[in-house]
Amino acid sequence: MSDVNDVVDCLVIGAGGAGYPGAIFLAKAGWRVVMIDPFGNLGGNCLAEGCVPSKAVREAANVRMLAMRQDFFGLRGVTPEVDWQQILAHKDRVQHTRYAQHTDETALPNLTMLKGEAELLDESTAALHLADGSTSTCRFRHLLLATGSRPVRLPIPGAEWAITSHDLFRMGANLPKPEVLAIIGGGYIGVETASMLQALGTRCTILEHGPRVLSGFDDELADMLQTRLAQRVQIETSAQVMEISRPAATGVRVHYRKNGEDAWLDADAVLMATGRAPVLPRGFACLGIELVRGAVPVDETLRTSHPRVWAPGDVNGRSMLFHSAVRQSQVAAHNMLAGGQVVDRMNFSSVPMTVFTDPELAHVGLTAAQAIAQFGEAAVAVTRYDYAHDSRAQIYGLTDGFIKLVFDRRTRRLLGCQIAGMDAAQLIAVPAMAIEAGLDASVLANTAFPHPMLSEGLCRAARQFLA
Ligand code: ADP
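Residues numbered from 1 in each chain as written. Predicted model: local features only at pLDDT ≥ 70, side-chain atom pairs only at ≥ 80, totals over all residues. Heavy atoms only, no water.

> Describe the pairing of strand β5 (residues 135–145), and please don't skip the residues or the numbers.
Alignment of strand β4 (residues 125–130) against β5, held across five bridges, turns out to be antiparallel. In the sheet register, Ala126 faces β5, and the bridge partner there is Cys138. Linking β4 back to β5 in an antiparallel pair, the connection comprises four residues, with Gly133 at a positive phi of about 95°. Bridge count between β5 and strand β15 (residues 309–310): two bridges; the pairing is parallel. Each residue of the ladder has a partner; that of Leu144, found in β15, is Trp310. (Pairing = 2+ DSSP bridges. Helix = DSSP H or I, 4+ residues; strand = E, 2+ residues; numbered from the N terminus.)

Have a look at this one:
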């Protein structure tokens, strides 16, 4: 590519969930947009090695778990054997399909999609180091900084022996399925991986530093998951990992301390699932933006302290989730197009969180404890629907689960929702919308949700509040 000498309206660095929705919106609005990403296509880490491929593998685990319970439904037959290579091939096919669709989406007259890496030279210029080895210069009026995040590794001896979720799920990944896996970290990536790989026959141990998995989650959700997962996976809480070593040519040994005692765990592989940290482009310092705990601070308009720089998505560290990044990207682009006037704001409190374990978890907004701390006990009402009463859950024999709704008695609005059990990640969209729109509880209570489906539980929990 020749130098982009004339000034583009917007340079978008990173084509993940935080980059491409805004880029496409601005290009369709007539702006000249250049977007650059080392993957050379849309989707960022989510599609390359995160949400999409991991859920493709997880679905294989779900199918197998269901098959193992087939006699419950009156079916007989053999339990499916695990063919790891074919499961990975299924995952790759899903990734290929989505990449092909995304290629079509970027074919817009005002949008130039480049494969490579951007380096900032000054607050209006970037060097674009392209995958073909060439470098161009790009001058820009606005910058959409959407460089995302990467997994962090604990600074311990032998950390380089650990794999990350990216190594497991990236396209073309060919790691053999571990028979014994040590997982450092009981956050959502740790518990999701343990849950799916155990269902595919791997013996998993989670080593979690805190007193329980999923720190920061609603206590009841986290406790339920821990109790249920502990039936399939060994969970060592209050375990501090000290070192990873490789005593033989294959396999790893993890040294950890628990209750003041040393302990060792031998495994085929060790997964580092200790969180993600923002990624910044080279030359970031020239923007003069001060970082807060390694992230780029933004307000609800997604603007940084630099008036021409917006930073949606993982890079700002506020909610590192693909669907949140997509909405943030739109907010940033709307405000950018409006010349910096505030025409749109991000509502972080309506972003749902999902955990794709068995059982599945999802939550949005405030927990009961958070709502009471914020508004006082008298202002908060909590209602609950138990899966034991639900037709669909009974049909599936998965009656261990619940929906909790947290309401504001004064406004009759939903403040939060926590769901544990079957379909939680699907169900959470409705409460998220109720929070985003500030719906009166009567809307949830009076809408006829389909029977016999779990969404009825949302209605019934809302009716309890109005009763
Ligand atoms: P988000 O959900 O916030 O979009 P992702 O991590 O999914 O986060 O996507 C960020 C994308 O940005 C990734 O594809 C990453 O490779 C890309 N990226 C990171 N640094 C640069 C850079 N300097 N130049 C171009 N792309 C970058």
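> Tell me about the sheet that holds strand β10 (residues 239–245), and please be specific about residues and values.
Across the sheet, three strands lie side by side as β10-β11-β12; this open sheet has antiparallel pairing. Of all the strands in the sheet, just β10 and β12 (261–267) have a single pairing partner and so form its edges. Neighbouring strand axes in the sheet, compared pairwise and without regard to direction, differ in orientation by 25° on average. With six bridges connecting them, β10 and strand β11 (residues 252–258) associate as antiparallel partners. Bridge assignment links Ala239 to a residue of β11, and that residue is Lys258. (Axes fitted to C-alpha atoms, helices over the stretch in contact; angles between N-to-C directions.)

> How would you summarise the sheet that holds strand β18 (residues 380–386) if you had to cite specific residues and measurements?
The strand order across the open sheet built from five strands is β16-β17-β20-β19-β18, with neighbouring strands paired in antiparallel fashion. The sheet terminates laterally at β16 (353–355) and β18, the two strands that pair on one side only. Averaged over all neighbouring strand pairs, the angle between strand axes comes to 15°, with direction disregarded. With five bridges connecting them, strand β17 (residues 361–365) and strand β20 (residues 413–420) associate as antiparallel partners. Across the sheet, Ala362 pairs through a bridge with Ile419, a residue of β20. Its contacts with the sheet put helix α12 (residues 429–437) on β17 and β20, and the angle it makes with β20 is roughly 160°. (Contact = heavy atoms within 4.5 Å.)

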